[in-house]
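Listed below, chain by chain, are the residues.
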Amino acid sequence: MSLGKTQKKKGLKKKTGERFLKKEWWKIRAPGMFAERTVCVAPVNQTEGEKFSHESMKGRVFTVSLGDLNQTHPHKKIKLVVDEEQEKGNKVALTNFYGLDTTRDHLCSLIRKWHTIVDCHVDAKTTDGFLMRVFCTALTKKAKNQQRATSYANTNQTKLLRKIMNTVIAKEVKKASLKELVPKLMTDVISEEITKRAKKIFPIQNCVIRKVKTIKRPRFDSKLFYYFSDSIIKHAC
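When its secondary structure is counted, the protein shows seven helices and eight strands. Scored against the burial criterion, the 237 residues of the protein give a buried share of 39%. At a minimum sequence separation of 6, the contacts of the protein that also span at least 24 residues come to 64%. Surface summary for the protein: the accessible area is close to 15000 Å², and the carbon and sulfur share equals 51%.

What follows is the structure in structure tokens.
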């Protein structure tokens, strides 16, 4: 008896070989703005027909702890996107900065009851054409010799604090290239400037750049190999 088109033989399975035998391993390199350059190794399908392995690798995003890259601030996570192959055939992928995030447990540890949370985000473009979206969070702080238990900021004060945050972040992003901006985001340079200016309105604490997104990138980044120079920018506070 012949089987119909919709009928299947029971117990028959398609034989599949070891998938990783058809893959090759690539080294992922971080830009020169980080101390540790070798991030990891990643598998990718071997070149087959018109499907090239270096094309499959382009656009991949890797999330790495900043503690592994710079031995500092392990609660911050750096996103790196693969842009180009270092040399044809050497299986080394060059990445560029793509974003920043903060671990949830660290953000939760900053929250205090009886305080106001001030949150904002700013869209600004660097001098080399990267459109960045920066998220910032801060909490109000008790004034010196304050007897009251709560430290709530009213609506007008919150708007003024948010305006200060927007101004400082936009200024820092617009005057720097991506290579100059990343060290500022990894440290507390911008947060300290916001805290200093906010004292006139309402004292704040735990001001952090909690997240950064790359909204738009230049169509052709001619400075990719400039980001891979071995010199690491040391930003003066």
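All right, on to the pattern of salt bridges then. Throughout the structure, instances matching the rule amount to nine salt bridges. One salt bridge connects Lys58 with Glu55, and the closest N-O pair in it is separated by 4.0 Å. Looking at Lys58, the relative accessible area reads 31%, which means it is partly exposed. The class for Glu55 is partly exposed, based on a relative accessible area of 44%. Glu84 is the salt-bridge partner of Lys58, the closest N and O atoms lying 3.6 Å from each other. Of the two residues, Lys58 sits in the loop between helix H1 (53-57) and strand S3 (61-65) while Glu84 sits in strand S4 (residues 76-85), which places them 26 residues apart along the sequence. The structure contains a network of salt bridges with shared partners spanning Glu55, Lys58 and Glu84.

The next point concerns helix H4 (residues 155-174). The end-to-end C-alpha distance of H4 is 29 Å, a good match for the 28 Å that 20 residues give at a rise of 1.5 Å each. All of the buried residues in H4 are Thr158, Leu161, Ile164, Met165, Val168, Ile169, Ala170, Glu172 and Val173. The elements touched by buried residues of H4 are strand S6 (117-125), strand S7 (131-140), helix H5 (178-186), helix H6 (189-198) and strand S8 (204-216). The N-cap of H4, judged by a side-chain oxygen 3.2 Å from the amide nitrogen of Asn156 a few residues on, is Asn154.

A cluster of nonpolar side chains, namely Phe20, Trp25 and Val41, defines an oily patch on the protein surface of about 330 Å² accessible area. Considering the arrangement of structural elements, one finds Trp25 in strand S1 (residues 23-29). Since its relative accessible area comes to 48%, Trp25 is described here as partly exposed.

Moving on: the nonpolar core. Among the nonpolar cores identified, the biggest contains 50 residues, and Phe34, Ile78, Phe97, Ile169 and Ile194 are the most heavily contacted of them. The greatest single-element share of this core, amounting to seven residues, is contributed by H4.

With respect to the helices, strands and loops of the structure, Glu172 is situated in helix H4. A polar atom in the side chain of Glu172 sits 2.9 Å from the side chain of Lys184. Contacts of Glu172, omitting those with residues within four sequence positions, involve Leu181, Lys184 and Ile190.

The subject of this paragraph is the packing of H4 against H6. Put simply, H4 and H6 touch, their axes get as near as 10 Å, and they point 140° apart. The handedness of the crossing between H4 and H6 comes out as right-handed. Judged by residue contacts, Leu161, Ile164, Met165, Thr167, Val168, Ile169, Lys171 and Glu172 of H4 engage Ile190, Glu193, Ile194, Arg197 and Ala198 from H6. Classifying every residue of the contact of H4 with H6 gives eight nonpolar, one polar and four charged.

We now examine the environment of Leu80. With respect to the helices and strands, the residue Leu80 is situated in strand S4. Taking relative accessible area as the criterion, Leu80 reaches 1% and is therefore assigned buried. Here the alpha-carbon distance between Leu80 and Gly99, two residues 19 residues apart in the chain, equals 7.1 Å. Setting aside its immediate chain neighbours within four residues, Leu80 contacts Ala30, Pro31, Phe34, Val39, Arg60, Val61, Phe62, Val64, Thr95, Asn96, Phe97 and Tyr98.

What follows covers the confidence of the model for the protein. Here the protein averages 87 in pLDDT, while 85% of its residues score no lower than 70. Note on residues 231-237: pLDDT under 50 across the span, and twelve contacts to partners over four residues away in sequence or across chains.

The rules behind the values
Residues numbered from 1 in each chain as written. Predicted model: local features only at pLDDT ≥ 70, side-chain atom pairs only at ≥ 80, totals over all residues. Heavy atoms only, no water. Helix = DSSP H or I, 4+ residues; strand = E, 2+ residues; numbered from the N terminus. Buried < 20%, exposed > 50% of the residue type's maximum accessible area, 1.4 Å probe, protein only. Contact = heavy atoms within 4.5 Å. Areas by Shrake-Rupley, 256 points an atom, 1.4 Å probe, with all protein chains shown as cover. Salt bridge = Lys/Arg side-chain N within 4 Å of Asp/Glu carboxyl O. Expected span 1.5 Å × (residues − 1). Polar contact = N/O pair within 3.5 Å; in protein donor to acceptor, adjacent residues only side chain to side chain. Patch = residues over 30% accessible without salt bridge, like charges linked within 9 Å, V, L, I, M, F, W, Y side chains within 5 Å. Core = buried A, V, L, I, M, F, W, Y, C linked by side-chain atoms within 4.5 Å. Axes fitted to C-alpha atoms, helices over the stretch in contact; angles between N-to-C directions. Left-handed = near helix turned anticlockwise from the far one by under 90°. Nonpolar A, V, L, I, M, F, W, Y, C, P; charged D, E, K, R; others polar. pLDDT = per-residue confidence, 0-100.

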